[in-house]
Amino acid sequence: QEVLDLREGDQRVELRPRPQQDVIAQINAVLAEVGIPSRSLRSLSPESETQISSGAGSTRSKLKRQSLRLVLENLEVQEIGVFLLKWRSSQQVWTITRIELTHVRGQEKDVDEDRYDATLVISALYVEDIAAPYPSQS
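This write-up is about the structure you can find in this document. (Residues numbered from 1 in each chain as written. Predicted model: local features only at pLDDT ≥ 70, side-chain atom pairs only at ≥ 80, totals over all residues. Heavy atoms only, no water.)

1. Re the nonpolar core
In this structure, Ile27, Leu72, Phe83 and Trp94 are the most contacted members of the largest nonpolar core, which totals 20 residues. Going through the elements one at a time, α2 (23-34), β3 (63-76), α3 (77-90) and β5 (115-127) are the ones with two or more residues in this core. For this core, the element with the most residues is β5, which contributes five residues. Sequence-distant contacts of isoleucine 27, defined by excluding residues within four places in its chain, comprise Leu41, Leu44, Leu70, Phe83 and Trp87. (Core = buried A, V, L, I, M, F, W, Y, C linked by side-chain atoms within 4.5 Å. Buried < 20%, exposed > 50% of the residue type's maximum accessible area, 1.4 Å probe, protein only. Helix = DSSP H or I, 4+ residues; strand = E, 2+ residues; numbered from the N terminus. Contact = heavy atoms within 4.5 Å.)

Rendered as structure tokens:
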């Protein structure tokens, strides 16, 4: 049910240019706040940037989606959950759109830890050209 609720949720569209590339700082801030070492962030890379729609009759602006892929490694299920909750509550622009978990096997046979690498895709919607968002009042 929670997955269905998330799918029905609205994603915020920023009426401004492409989001600033300070995402690593935002991720590290959330990691620090929930007590996960920053070394858990293995990578952050561009996923895609696509045009969503051109809008009927609108030639001034285009709605675009920018997506980034981040990989957090060797985390417990509880750590992933705490990170996701904090990210969701602290982020106004970047929405998690996909989550993939890969089970990490312990190096030793006696170690029975449930740890995972989490690959997250985060997306931001924005208006490409907002030089004149409203008609001038004359």
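2. A word on the packing of α2 against α3
Between α2 and α3, the shortest axis-to-axis distance is 10 Å and the interhelical angle comes to 125 degrees. Taken together, the axes of α2 and α3 are oblique relative to one another. Crossing geometry of α2 relative to α3 is assigned as right-handed. Mapping the contact onto sequence places Gln26, Ile27, Val30, Leu31, Glu33 and Val34 in α2 and Val82, Phe83, Lys86, Trp87 and Ser90 in α3. In terms of residue class, the contact of α2 with α3 is made up of seven nonpolar, two polar and two charged. (Axes fitted to C-alpha atoms, helices over the stretch in contact; angles between N-to-C directions. Parallel < 35°, antiparallel > 145°, perpendicular 65-115°, else oblique. Left-handed = near helix turned anticlockwise from the far one by under 90°. Nonpolar A, V, L, I, M, F, W, Y, C, P; charged D, E, K, R; others polar.)

3. Here's the deal with the packing of aromatic side chains
The final tally for this structure, using the stated rule, is one aromatic pair. Seen in terms of ring centroids, phenylalanine 83 and tryptophan 87 are 5.9 Å apart; in terms of plane orientation they differ by 20 degrees. Their pairing is stacked. Pair noted here: phenylalanine 83 and tryptophan 87 are both in helix α3, with a separation of four residues, about one helical turn. By relative accessible area, phenylalanine 83 is classed as buried at 2%. (Phe/Tyr/Trp six-rings, centres within 6.5 Å; stacked < 30°, edge-to-face > 60°.)

4. Looking at unusual backbone geometry
Positive phi, close to 60 degrees, is recorded for asparagine 74, a residue that is not glycine. Tracing the sequence through the fold places asparagine 74 in strand β3.

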